[in-house]
Each structure stands twice: as structure tokens, then as C-alpha cells.
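# Residue-level structural notes
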Amino acid sequence: MGPAGGGDRAAARRGAWALGASLAQNEALVHASRGEYELALKEMEQALAIREELLGPDHPTVAVALDVIGGIHRTRESLDAALAAQTRALAIRREALGADHPAVGVSANNLGLLEQQRGNYDAALPLLEEAVAVAEHALGPDDLEVGTALNNLGRLQHVRGRYAEARALLTRALAIREAKLGPSDLDVAVTLQNLGLLDLLEGDRLAARELLQRVLKIRERKLDESHPEVVAILDSLGTLNYRIGSYAEAQALHERALAIQQRMLPAGHPDIASSLRNLALVSAARGEREQALAQASEAAAMAEKALGPSHPDLAPLLNTLGMLQRRSDPAAAVATLERALAISARARGRKHPATATSLLRLGEAHLARGARTEAEASLTEALAIRESLGRDTPEVAEVLVALGELELARERPEAAAPLLERAVQIRSKGGIARHQLAEARFRLARALATSDPPRSRDLAEQAAATLREEGSAFAEELAAVEAWLQR
């Protein structure tokens, strides 16, 4: 009777410990949902210690605790600590459960998203591909978990510049999610947003706006106005309206996003820096150049402090800062943009769209300081990258206008004209800011001044009429066109 009683007491102790671990985990999840991350970590570390003592360091339930701990660290931007926890969780699950177990797919997905957040896209890719393969094998091709894995992999391919692969993955994810959840579910909105951002990068801005407006309606109906997903879509729609030329709408959306971020996030958060950068672009487009430069400088400094000097998400902020420095200090602009280019090329590769943007801005800065050979090299490389993604996009037109200006500076109007003809044709389509079409028309007018004077004058007059309609923000550009017409 004695030994049996001792065994019962040991079993009871183990049961009590297991219950304690579960309760600690539940408490941790409650704390995390309230944003009380220090308390959540304390509870989860207690749950982890109990499970390691009771079951050993390689038990699957230890991996569960590690996954939760990694998620909390990731939310707190403690990415190295998150990496350690989630790497160990995946290793335990692979060894204990086998490569095809659904829990292995969950861990691979979590670790892949973490590597993407850290800017390690090459490390993220095989993990997210593994998550898709495991989910399909374990659950079937149309399961919701497959839709989630496809969405995450599609978003990564988008960031990597693999747009065709991204579209195929996201389209399949959307079909699964709409079939299983209905057209107004929040997970459906996530995939719609990813597809809208893809449309935006591929130049179909009107299609992108339709998708993103649908996303905003879903989220405003189902979420609190300060929810991060509401902020994300406000940011995306603001950027889209900026590119279309609807600057008042863009400013209102970005200011709304920034106000929420400043209320909900710690000071200096990289998302706040991103919103400041977006507002800098709008300020510049509205002719408020000093304010724009101040906003862009603050955004870049904030992002660098939060992310470090080599994070790929810093490059867009440096691109904006360099673009705004170009007018007053071309040499400083070149230094800023060379740094942005180095970051983009190292993190994403020399042929990535983000690298093309750095090359374009660097080429424009070289042109502003009269370094025409360097300008040509940067702009030609940028054009090749952008044309590889589509020959008639607004992004291609942007490079064509810069190359046309380069040829005009070299007094080679016959070389400038075909470049600018293409730019005018592209910018005559819908979904592009009207002042950008005026810019292309005026440069083409200058290129045709000798070879086709009547058309040249007509193009310049069209440009002037558009700039007058656009208002005081473009007074300087209008003055240049009118002076040229009166020469």
C-alpha cells in the first residue's frame, strides 16, 4: 500500500504542476491581450520552467510555451529574444512530432514571419514555403490554415519583388478565405490589402484603390478605430491617394494614422517614423518644402534609432530624405541616397524594385549637381529594373522623365524626345497625378521645340493650363513654363 500511495502523491504533484503551467499560460495570454507584456513574459517563463522540469526540455508542450514567449518578444520588438525562442520551438516540434505535423507548420510560419520582420528575407522564404507544404499535406489544399500560409508567403514574395509569384499565392489565398469565411471577414481584408498593394506597385492605382477602400470598410465596421489594422489601411490608402494626386485626402488619412500611432505606440516607434515620412511626401507635393524636409529628417533619424543603420525598412525613409535634400543640397542628397542604395542592394538584391527607387533618386541627385555620367548609369539601371516588372507603369514613366531631362541637359533633344513621348503616353492614363502629366508634357515640348514647333507650343500650353488648375503649390513650375512660352 505504501509504494502505491507514494505513486499517487507523485502523480498528484505532477498534475498540480501541469495545472499550474496551464494557468500561468492562460494568465500570460490575458496580460498580453491587454498590452501588459512584462507580466505576460513573467507568467510564461514560469509556465516554461514548470514544463521543462515536469516533462523535459524537448517535450512538445515546451515548444508551445516557447512559441508564446517568442510571440510576446516579437510584439515588443525584442527580435533577438523572439528568434531564440521560436528557433528552439521549431527544432523541438520537428524532432518530437515529425516534419509533416501541423504544429511544425505553425512554428515554421511563426519563425518565417519573424525573419521577415528582421529583414532576413532569404531566411524567411524556406520557412514560409515549409509552412505551406506542411499545411497542404496535413490539412488538404483548401483548409483555412493553407490560406493563411499562402497569404504570408505571398506577402513575402511581394516584398522580395517576385510579383507574379506573389499574385498567384495571394489570389489562391483570397479564394480560400472568401469561400470559408465570407467576403467581409477580417482575414479576407488582409489578403485584399496585400493584393491592393501589389496592384499599386504594378501601376494599376485605380484597381488598388478599389481593393483598399473595401478593406477600410471591413475594418472600420469590425474593429476599434485605433486598431493597428485600421492604421495600416489608413496608411496604404494615404499612399495611394498621394500617388494619384489627391493630396488633401492623402494628408487627412496619414494624419489620422499618425495621431493613432502617437497615442498607442511608444515614442520613436518605426511606424511613427513611416507616417512622418508619408506626410513629408505630401507636404512636398503641396509645395511645403521646408516642412517636408524637416519631417523627412525627423523620420529618418527616428527609424535609424529604432531599427539600426542597416535595416531594409530604413532605405525608403532615406530615399525620401535624399529626394528632398536634392533641391537645396545635391551633395548631401547623393550621400544619403548612396547609403539607401547600399542598404537596399545588400538586403534585397540589385534588381529589386526598392533598389530601383534608390537608383532613380540617386540619378536625379547626380543630375542636379551636374554629374551626368553618374546620373546616366543610375537612371539606366533603374529603368531596366522597372521595365522588367512592366513597360507601361507610372514607375517606368518616372525614370523616363528623368532620362529625358538628362538628354535635354546634354542638348540632345532628339534623344530626349522618344523617352518623353513614352512618358506622356503612360501618364495620360488614369490614376496618375495631373501635375506629373504636365511635367512630362513640358519636357517633351522642350525636346520638340526645333523639330516640331507647333506641337511643342501646344504641349507647353497644355502643361501651363494644368498647372494653373492645380493651384499655388505648383506656382514655381508654372512660372517656368510661362517663361519658356514667352521666350
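In short, a report on the structure. None of the values given here were measured: they were computed from a predicted structure.

Let us now look at the side chain of Asn109. For Asn109, the position within the fold is in helix α5 (residues 102-117). For Asn109, a relative accessible area of 11% corresponds to the buried category. Looking at Asn109, its side chain comes within polar contact range of the side chain of Asn152, at 2.8 Å.

Attention shifts here to the packing of aromatic side chains. According to the stated counting rule, one finds two aromatic pairs in the structure shown. Here the aromatic rings of Tyr242 and Tyr247 are separated by 5.9 Å at their centres, their planes lie at 50 degrees, and the arrangement is tilted. Using a relative accessible area of 10% as the deciding quantity, one classes Tyr247 as buried. Their ring planes at 85 degrees and their centres at 5.8 Å tell us that Phe442 and Trp484 sit as a pair that is edge-to-face. Here Phe442, found in helix α21 (residues 434-447), pairs with Trp484, found in helix α23 (residues 475-485); they are 42 residues apart in sequence, far enough to count as distant. A relative accessible area of 16% means that Trp484 is categorised as buried. One residue, Arg446, lies across the ring of Phe442, its end atom 5.7 Å from the ring centre.

Per the stated rule, a full pass over the model turns up 37 salt bridges. For the salt bridge of Glu477 with Arg289, the shortest nitrogen-to-oxygen distance reads 3.4 Å. Highlighted residues: Glu477 in helix α23 and Arg289 in helix α14 (residues 289-307), separated in sequence by 188 residues. Put simply, Glu421 and Arg455 hold a salt bridge, and the shortest N to O gap is 2.5 Å. Here the residue Glu421 occupies a position in helix α20 (residues 413-427), and Arg455 occupies one in helix α22 (residues 453-470), the gap between them amounting to 34 residues. For Glu421, a relative accessible area of 28% corresponds to the partly exposed category. When salt bridges with common partners are traced through the structure, they connect Arg326, Arg361, Glu364, Arg386 and Glu398 into a single cluster.

Cut-offs and rules
- Residues numbered from 1 in each chain as written.
- Predicted model: local features only at pLDDT ≥ 70, side-chain atom pairs only at ≥ 80, totals over all residues.
- Heavy atoms only, no water.
- Helix = DSSP H or I, 4+ residues; strand = E, 2+ residues; numbered from the N terminus.
- Buried < 20%, exposed > 50% of the residue type's maximum accessible area, 1.4 Å probe, protein only.
- Polar contact = N/O pair within 3.5 Å; in protein donor to acceptor, adjacent residues only side chain to side chain.
- Phe/Tyr/Trp six-rings, centres within 6.5 Å; stacked < 30°, edge-to-face > 60°.
- Lys NZ or Arg CZ within 6 Å of the ring centre and 35° of its normal.
- Salt bridge = Lys/Arg side-chain N within 4 Å of Asp/Glu carboxyl O.

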